[in-house]
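Now for the letters of each chain:
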Amino acid sequence: MDKKAVAQVLEQIASFLELKGENPFRVRAFRTAAKAVTALPGEVSAALAEGTLAETKGVGPATLQIVQEVVQTGRSSLLEELREQVPAGLVEMLQISGLGVAKIRQIHETLGIDTLPELEAAARDGRLARLPRFGAKTADNILKGIAFLRQASAFKLAHHALEEAEGLRAALAALPGVAQAVIAGEVRRRTEVVRDIVVVLVADVPPADIFRRIGELPGVQEFAGQDERRVTLKVSGGAQAQVVVTTPKNVGAVLVQATGSEEHLAELATHARTRGFALDGAALWQGSTFLPTADEAAFYAALGLAEIPPELREGRGEVAAAAAGPLPALLERSDLVGFLHCHTTASDGSNSVMELAEACRAAGYAWMGITDHSKAAAYAGGLSVDDLARQADEIDAVNARLGGFRILKGIEADILADGALDYDDTVLARLDFVIGSIHSRFNLDREAMTERVLRAMENPHLAILGHPTGRLLLSRDPYPLDMERVLARAAETGVAIEINADPHRLDLDWRLVRQARDQGVAISIGADAHNLAGLRNVDFGVGIARKGWLTRADVLNTRTVDGFLAHVARRRAR
DNA sequence: GCCGTTTTCGGCCCGACTGTTTTCAGTCG
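These numbers were taken from a predicted model, which means no experiment stands behind them.

A. Representation of the nonpolar core. Phe339, Met368, Ile407, Val486, Ile497 and Ile525 are the most contacted members of the largest nonpolar core, which has 71 residues in total. A domain split of this core shows at least three residues from each of domain 2 (157-324) and domain 3 (333-573). With near-sequence residues (within four places) excluded, Met368 lies in contact with Phe339, Cys342, Leu356, Ala357, Cys360, Phe405, Arg406, Ile407 and Leu408. Counting residues in hydrophobic clusters, the runner-up holds 47 residues, among them Val6, Ala14, Leu19 and Val70.

See the structure below:
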């Protein structure tokens, strides 16, 4: 039983209680507990056994008992009891933006609606709009919300997809006859969201034997779209996955086929034709001769191409680039020596400066930058000027204790509606560096929003523009912003643009990362960690950097602490 | 339900926006 599943049970309990009209503070307590469980550094069962769970802030006796039951039995009697009392469709409705508990209860009580399809019908036929304090716009927004939910449910966030793919890969690798199991598709390309999980199996036995065994795996529910070498699985939880079987001599071609985007494969096919080759049925042919490709390097080499890293296989000119010569050496996680953008208990994080610093040092970083929220972000416990001074003392103390590791004093300052940063320049000047981010007033029009960001970039203390478009993947669109102008200004002023590595954001989008790099904009990778588990976000940020063709030289986190500070100083001097 | 450098009981984030109303409930970050 993993953390995600346990946290989900607690989340669900909170939602059911909320719909029942329970004390809102009790509801919030369960949500806090769910977050605390997600943020645990190790496994839940270990934390339970060692007693660290009981000591975790936000986890009390009631939560402890529920977690214990879930870990031991895989069920929660409280949740099952609640399911009998409240229709599950109402909980689904909570995900619709603009629909809260009060409206859902009103809809349920007056119209007797308790499923999404019923809700959609009522929104269309006008019943919803006639309810007190509802109207045409509310009904319309609900329809939009349902459509968004439906579209989003076809995709998974990268970290969830990776976890599912790893689990499936491990199960498939253990099947008799399978020599190797490799994750392909979007997960391997490290896209920001994933529609299909794809695993390639290398095997010397007939695919039919393997498919039969797959059908016997626990959790595999049904097969769909089966052909000789491919099968689409539905696994419990509704996730879909494609499994492709190949023989060792054709691994290269099959992996290329199963990994590349349609556009990449089209670029490859065109290139192959001009060289007298053909890509057909996931194999490489010269006339009617089958060309074996034992691995991808052999495949690309046969076509006269440098090997193309999976992250670049998007059909954006990588084939032409690989034909012209070696591709750039893309950023590696091990290139990063600085850890940027994290929150401590001073604002909305769950760990202290010391805990985060020790974790960063253990993860191999040489320096880090602490950036809690600023005072305008009241809902996130933003720091007052006095709080900032206190934190500075704390950081000094930890720096004195940790040899060979440096903590920088930073802030994630809100960019206010008029483009001002959330502290006076005298306060900002005392900090080692400043990230500026938008956390409110998302509804300005494109022109006003662009002016707001450009104005913030005028402030010499702003070193990094945080999560520049504000998107939340699968839940909130980016705010309207003229990124062309923002990138141009970033190049002029030396303001770095963040790749926010939180898998809910992955913002700046990788398509724009490449454009930023081409314009000479410095990039920083911001973990946006709110706890120790958030250190892992960086891997997703590195994936996005690679998709944006970034090399070591393009990224500020690869510099020594003095190199980073020199960049900030040059920016302040402009 | 959880927590305590104000508290073992009493409080827990608050201000702005949206869409509905003509003064405000509901939702969101």
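Additional details are given in the paragraphs that follow.
B. The arrangement of the pairing of strand 17 (residues 523-529) in detail. Among the seven residues of strand 17, seven are classified as buried, and the element is accordingly described as predominantly covered. Residues Ile523, Ile525, Ala527 and Ala529 line one face of strand 17 and the alternating positions Ser524, Gly526 and Asp528 line the opposite face, and both faces are buried. Of the pairings in the sheet, the one linking strand 11 (residues 338-342) to strand 17 comprises two bridges and is parallel in character. Within strand 17, the position partnered with Leu340 by the bridge is Gly526. As paired strands, strand 16 (residues 496-500) and strand 17 are joined by four bridges and run parallel to one another. Paired with Glu498 across the two strands is Ser524, which belongs to strand 17. With respect to chirality, the unit in which strand 16 leads through helix 23 (residues 510-518) into the neighbouring parallel strand 17 is right-handed.

C. Broad picture of the layout of surface pockets. Looking at the second largest pocket, its volume works out to about 890 Å³. What lines the second largest pocket is a set of 38 residues, and nearest its centre among them are Gln257, Ala258, Thr259, Gly260 and Leu265. Mapped onto the lining of the second largest pocket, the elements with two or more residues apiece are helix 12 (185-189), strand 7 (240-246), helix 14 (251-259), helix 15 (262-274) and helix 23. Here the residues of the lining of the second largest pocket are counted per class, giving 11 nonpolar, 12 polar and 15 charged.

D. Molecular detail of the packing of helix 9 (residues 116-124) against helix 10 (residues 136-152). At a closest axis distance of 9 Å, the pairing of helix 9 and helix 10 adopts a crossing angle of 145°. Here helix 9 and helix 10 pass one another in a crossing that is left-handed. Along its contact with helix 9, which presents Leu116, Leu119, Glu120, Ala123 and Arg124, the element helix 10 presents Ala139, Ile142, Leu143, Ile146, Leu149 and Arg150. For the contact of helix 9 with helix 10, a count of residues per class yields eight nonpolar, no polar and three charged.

E. Layout of the state of the cysteines. As enumerated under the stated definition, the model contains zero disulfides in all. Among the cysteines around Cys342, which has no disulfide bond, Cys360 carries the closest sulfur, lying 6.0 Å off. Judged by relative accessible area, which is 0%, Cys342 ranks as buried. A relative accessible area of 0% means that Cys360 is categorised as buried.

F. Layout of the sheet that holds strand 9 (residues 283-286). Read from one edge of the open sheet, three strands run 8-9-10, paired in antiparallel fashion. The open sheet terminates on both sides in strands that have one partner only, identified here as strand 8 (278-280) and strand 10 (289-291). Strand-to-strand twist in this sheet, taken as the mean axis angle between neighbours without regard to direction, amounts to 45°. In this structure, strand 8 lies alongside strand 9, joined through three bridges in antiparallel fashion. Across the sheet, the residue bridging to Leu279 is Leu284, located in strand 9.

G. Here's a closer look at the pattern of salt bridges. Enumeration over the complete set of coordinates arrives at 33 salt bridges. Here Glu18 and Arg31 are joined by a salt bridge, their closest N and O atoms 2.9 Å apart. Of this pair, Glu18 sits in helix 1 (residues 3-20) while Arg31 sits in helix 2 (residues 24-38); the two residues are 13 residues apart in sequence, bridging distant segments of the chain. Judged by relative accessible area, Glu18 falls into the partly exposed class, the value being 24%. Across the pair Glu492 and Arg489 runs a salt bridge whose closest N-O atoms are separated by 3.7 Å.

H. Seen up close, the sheet that holds strand 17. One closed barrel holds the seven strands; their spatial order is 11-12-13-14-15-16-17, and the pairing between them is parallel. The sheet shows a mean angle of 35° between the axes of neighbouring strands, direction not considered. Sheet topology note: the strand 14 (residues 433-437)/strand 15 (residues 462-465) ladder contains three bridges and is parallel. Residue pairing in the sheet places Gly436 in a bridge with Leu465 of strand 15.

What counts, and where the lines are drawn
Residues numbered from 1 in each chain as written. Chains lettered and ligands numbered in written order. Predicted model: local features only at pLDDT ≥ 70, side-chain atom pairs only at ≥ 80, totals over all residues. Heavy atoms only, no water. Core = buried A, V, L, I, M, F, W, Y, C linked by side-chain atoms within 4.5 Å. Buried < 20%, exposed > 50% of the residue type's maximum accessible area, 1.4 Å probe, protein only. Domains from an automatic or database assignment. Contact = heavy atoms within 4.5 Å. Helix = DSSP H or I, 4+ residues; strand = E, 2+ residues; numbered from the N terminus. Pairing = 2+ DSSP bridges. Right-handed = clockwise from strand over helix to strand, strands pointing away. 1 Å grid on protein atoms, 1.4 Å probe; cavity = no way out; pocket = protein on both sides within 12 Å on 5 of 7 lines; lining within 4 Å. Points joined across faces, edges and corners; volume = space filled by probe spheres on them. Nonpolar A, V, L, I, M, F, W, Y, C, P; charged D, E, K, R; others polar. Axes fitted to C-alpha atoms, helices over the stretch in contact; angles between N-to-C directions. Left-handed = near helix turned anticlockwise from the far one by under 90°. Disulfide = S-S within 2.5 Å. Salt bridge = Lys/Arg side-chain N within 4 Å of Asp/Glu carboxyl O.

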